[in-house]
Amino acid sequence: MTTICPNRNTIACFVIGMAGSGKTTLVQRMASELSKREQSTYLINLDPAVIQIPYEPNVDIRDTLNYKDVQIEFQLGPNGAILTALNLFATRIDQLVELLESREEQVDTFVVDTPGQVEVFTWSSSGSIIAESIASSFPTVLLYVVDSPRATKPLTFVSNMIYACSIMYRMQLPLVVVLNKKDLVSTEFAQQWLSDFDTFDEAMQQLEGDYSSNLARSMALAMEEFYRVISCCSISAATGEGMDELLNCVKKAANEFSSFRGEKNHISVNEETASLERPSQATTSTTTIGASSSQETSRQRIWKKVNQPAGQSEPIQDAPLPKSLETTSLGEEENMLEEEEEYQALLDQFPTRWHSTVE
Ligand SMILES: Nc1nc2c(ncn2[C@@H]2O[C@H](COP(=O)(O)OP(=O)(O)OP(=O)(O)O)[C@@H](O)[C@H]2O)c(=O)[nH]1
């Protein structure tokens, strides 16, 4: 018996949060702070719609596909195009994981920047697939970035916390709440509201009588357990203040991930091989992880997930697969090859160019 990832030292951090909260600035800051500590980072941009980023990503979704082309090709609005771009990217997640595994020796932290439309990543099947696939190989942590000046309003604060809580439960990964922009506003208010309901209640009393204030108070009360288990830190991604605290929180969360997965993921060596196998090599494996059916390859599982309706976290067991992904007998090989080519042609509409500054 062995485990998938608990002993791996390279940590993966997904930086998520509302638009404008400072995710991209934080990714850049993490790279520079870790570099000062002689630790290397590997940066991944998953926002297909971003025009300019202030760091040089090692992997950039924009190299894989053109967001504008997706919008025109599938006649989609901006959010639909981001979602479709992520779906297409998710079909290649096994390549990404393989690439990250090949960089493991040189890299201390993978930092993943996500789209500003937070729900597009956190509530889509492709977002889960990408996060789960990386978490199946590396200790993975979610950094939920909060725009602190905006969160000074109690209602915005509690909405942010409910959102963070729902993301943690949906993605099943440890989460660190990062109160950003502390150079603009003291974040003490948030630390107090998180640790002491009475102080939050006092702030809410100023909105007394408002329907939403009563709701927010009861929600805050219900959230107390969540507040107890999450870790929280205050930083300024712009100035670098608080980064020591953040990096400590990341380490603790990664340890928590490792000990949790260490207990959960005791699976046989065959199963481990099957879960990480490249689709073309997956022919004789007879084991699988979790709820997936017994002879599924990783590509089959991904295909099912990408095609399942939004909001459905478990793969649909009988979701239609392209024939090329079904288990086939030797007699069907010719057909399979044809359909494999069709499938590949679909993917090849979007030129892939992984580039790496680590090399
Ligand atoms: N003062 C201050 N400004 C910050 C800080 N972090 C980010 N900003 C500013 O906030 C704005 C948004 O920052 P981004 O890093 O682009 O935020 P984002 O979450 O990646 O934005 P989207 O990609 O649109 O979701 C920029 O003008 C940043 O310069 C901070 O710690 N302090």
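The protein chain is annotated in an unreviewed UniProt entry as GPN-loop GTPase of Galdieria partita. Taken from UniProt, the Subunit (unreviewed entry) comment for the protein chain reads in full: "Binds to RNA polymerase II."

(A) Quick peek at the packing of helix H4 (residues 78-90) against helix H7 (residues 125-135). It is at 8 Å that the axes of H4 and H7 come closest, and there the two elements cross at 40°. In the crossing of H4 with H7, the sense of the turn from one axis to the other is left-handed. The residues of H7 that touch H4, namely those facing Leu86, Asn87, Phe89 and Ala90, are Ser126, Gly127, Ile129 and Ile130. Partitioning the contact of H4 with H7 into residue classes produces five nonpolar, three polar and no charged.

(B) Broad picture of the sheet that holds strand E5 (residues 140-147). An order of E3-E2-E4-E1-E5-E6-E7 is seen for the seven strands of this open sheet, with the pairing classed as parallel. In this open sheet, the two edge strands, each paired with only one partner strand, are strand E3 (59-60) and strand E7 (231-234). In this structure, strand E1 (residues 11-17) lies alongside strand E4 (residues 109-113), joined through five bridges in parallel fashion. Across the sheet, the residue bridging to Cys13 is Val111, located in E4.

(C) Local environment of the environment of Ser40. Mapped onto the elements, Ser40 comes out in the loop between helix H1 (23-36) and strand E2 (41-45). With 14 C-beta atoms counted inside 10 Å, the residue Ser40 sits in the partly exposed group. The spacing of Ser40 and Phe110 is 70 residues in sequence and 8.8 Å in space, taken between C-alpha atoms. Beyond its immediate chain neighbours, meaning those up to four positions away, Ser40 contacts Gln106, Val107 and Asp108.

Cut-off values and rules
Residues numbered from 1 in each chain as written. Predicted model: local features only at pLDDT ≥ 70, side-chain atom pairs only at ≥ 80, totals over all residues. UniProt positions renumbered as here; feature names shortened; annotations may be inferred. Axes fitted to C-alpha atoms, helices over the stretch in contact; angles between N-to-C directions. Helix = DSSP H or I, 4+ residues; strand = E, 2+ residues; numbered from the N terminus. Left-handed = near helix turned anticlockwise from the far one by under 90°. Contact = placed C-beta atoms within 7 Å. Nonpolar A, V, L, I, M, F, W, Y, C, P; charged D, E, K, R; others polar. Pairing = 2+ DSSP bridges. Buried ≥ 20, exposed ≤ 12 C-beta atoms within 10 Å, placed from the backbone.

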